[in-house]
Amino acid sequence: MALKIALIGYGKMGQMIEFVALERNHSIIARLDKGWDINELKGADVAIEFTEPNSALENISKALSLNIPVVTGTTGWYSQLTSIKNLTINAGLVYASNFSLGVNIFFEINKRLSELLANREEYIPIIKETHHTEKKDIPSGTAITLAEQLIENSSITDWSLGDENQKIKIESKREKEVCGDHTVSYESEIDKISISHSAFNRKGFALGAIIAAEKIQGKTGIHPFNSLLF
């Protein structure tokens, strides 16, 4: 089914989403940035939102109020998710800290590894992430998701950007032209176990967002992306 897509946020990510959408025979009916009007969404089968945390809730609410399903890749606003639950009675919302298919497989591997090492206190976990210098949030939403998965299977209750005791350490770097690298390592006195994912470009994120837009058709409620994939 060919979809009519409204893009909310038309930076580098929005432009790549448009490229992939056209490859999959969908059409873009709106390219919206700051100061857009709700009427510009009319006629859309789905809205794909990649903006900033301070504008995400308003953007998503506008689309849902018109019963237009939403795919959002904006992170840093999830504490407000439940506040829009009533708006998803007639149209669904898909969210993810990372829409890359490879990263979502990486998430599943991370969960399994954390289960296997749940009771091995000799292994100390650490997460490292590197992104391009334009990325504003530190650490990345993907790194936070990885940490939260580790926390679910550990006595550790939080993560930290420093070396705080009883917290999972996240190391963040910003370097030019790095699309996204993530590594989870468990180190003991005798060895180290590591898993990693490196994104070569933004196309993987865009493809996942389009797949999410296809899968949310006809659904209601709030869905993490992996629940639609697996």
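Let me sum up the structure you'll find in this document. Numbering of residues starts from 1 in every chain and runs along the sequence as written. pLDDT decides what is reported in this predicted model: residues at 70 or higher carry local features, side-chain atom pairs at 80 or more are listed and counted, and totals for whole chains, interfaces and linings draw on all residues regardless. As a rule here, side-chain values come from all non-hydrogen atoms in the structure, and water together with hydrogens is ignored.

### Some words on the nonpolar core
Filter applied, for reference: Within this scheme, the nonpolar core is defined by two criteria: the residues are buried Ala, Val, Leu, Ile, Met, Phe, Trp, Tyr or Cys, and they are joined through side-chain atoms within 4.5 Å. Think of it in three bands: residues with accessible area under 20% of the maximum for their type are buried, residues over 50% are exposed, and the middle band is partly exposed, with areas taken using a 1.4 Å probe on protein chains only. Helix and strand definitions here come from DSSP, where helices need a minimum of 4 consecutive H or I residues and strands a minimum of 2 consecutive E residues; each element is numbered from the N-terminal end. Contacts: residue pairs with any heavy atoms within 4.5 Å of one another.
The biggest cluster of nonpolar side chains holds 26 residues, and the ones touching the most others in it are I5, I17, I48, V71, V94 and F99. Counting residues per element, the ones that place at least two in this core are β1 (4–8), α1 (12–23), β3 (46–49), α5 (203–215) and α6 (225–229). For V71, the residues in contact, after removing those within four places along its chain, are V46, A47, I48, E49, V94, F99, A209, A212 and A213. Residues L32, W36, A44 and Y95 belong to the second largest nonpolar core, which totals 20 residues.

### Here we look at the pairing of β3
Rule in force here: At least two bridges found by DSSP between two strands is the condition for calling them paired.
The two faces of β3 match: V46 and I48 on one face and A47 and E49 on the other face are all buried. Taken together, the 4 bridges between β1 and β3 define a ladder with parallel strand orientation. The residue bridging A6 from the neighbouring strand is A47, located in β3.

### What to know about the sheet that holds strand β8 (residues 167–174)
As a reminder, the rule being used: To obtain each axis, a line is fitted to C-alpha atoms, and for helices this fit is confined to the stretch in contact; angles are then taken between N-to-C directions over 0 to 180 degrees.
Strands sit in the order β7-β8-β6-β9-β10 across an open sheet of 5 strands; the sheet is mixed. What marks the edges here is a single partner per strand, and that holds for β7 (158–160) and β10 (192–199). Adjacent strand axes in the sheet meet at a mean angle of 20 degrees when their direction is disregarded. Against the sheet, helix α3 (residues 101–116) touches β9 (180–187) and β10, its axis set at about 165 degrees to β10.

### Things to note about the pairing of β1
Basically, it comes down to this: The handedness of a crossover follows from its direction of travel: if, with the strands pointing away from the viewer, the path from the first strand over the helix to the second runs clockwise, the crossover is right-handed.
For β1, a buried count of 4 out of 5 residues is recorded, marking the element as mostly surrounded by other parts of the structure. Here 5 bridges tie β1 to strand β2 (residues 27–32), and the two strands are oriented parallel to one another. In the strand pairing of β2, I8 is matched with L32. With α1 bridging β1 and its parallel neighbour β2, the resulting β-α-β unit is right-handed.

### Brief notes about the sheet that holds strand β5 (residues 93–95)
Overall, parallel pairing links the 6 strands, which are arranged β2-β1-β3-β4-β5-β11 in an open sheet. The open sheet is flanked by β2 and β11 (222–224), the only strands paired with a single partner. Recorded for the sheet is a direction-independent mean angle of 20 degrees between the axes of neighbouring strands. Against the sheet, helix α2 (residues 53–65) contacts β1, β3, β4 (70–72) and β5, and its axis sits at roughly 175 degrees relative to β3. This element, α5, spans β1, β3, β4 and β5 of the sheet and lies at about 150 degrees to β3.

### Here we look at a nonpolar patch on the surface
As a reminder, the rule being used: A patch consists of residues whose relative accessible area exceeds 30% and which take part in no salt bridge; residues with like charges are grouped when within 9 Å of each other, and nonpolar side chains (Val, Leu, Ile, Met, Phe, Trp, Tyr) when within 5 Å. Only the protein chains shown count as cover for residues, and all accessible areas are computed by the Shrake-Rupley method using a 1.4 Å probe. The term salt bridge refers to a pairing of a side-chain nitrogen on Lys or Arg with a carboxyl oxygen on Asp or Glu at a separation within 4 Å.
A surface patch of nonpolar side chains, amounting to about 310 Å² of accessible area, comprises I105, I109 and F230. By the secondary structure assignment, F230 is in the segment after α6.

### Concerning the packing of aromatic side chains
Stated precisely, the cut-off is as follows: Between rings of Phe, Tyr and Trp, where Trp is taken as its six-membered ring, a pair exists when centres lie within 6.5 Å; planes separated by under 30 degrees are stacked, by over 60 edge-to-face, and by other angles tilted.
Counted by the stated rule, this structure contains 4 aromatic pairs. Between Y78 and Y95, the ring centres sit 5.1 Å apart and the planes meet at 65 degrees, which makes this aromatic pair edge-to-face. Of this pair, Y78 sits in the loop between β4 and β5 while Y95 sits in strand β5; the two residues are 17 residues apart in sequence, bridging distant segments of the chain. On the basis of relative accessibility, which here comes to 28%, the residue Y78 falls in the partly exposed class. Members of the aromatic cluster, joined through ring pairs, are F50, F99 and F225.

### Some thoughts on the side chain of S140
Definition in use: Polar contact criterion, stated in full: a pair of N or O atoms within 3.5 Å, where within protein one must be able to donate a hydrogen and the other to accept it, and residues adjacent in sequence count only if both atoms are side-chain atoms.
Position of S140 relative to the elements: it lies in the loop between β6 (124–131) and α4 (141–152). Looking at S140, its side chain comes within polar contact range of the main-chain nitrogen of A143, at 3.0 Å. Every residue in contact with S140, bar those within four places of it in the chain, is listed here: E129, H131, K135, R174 and H182.

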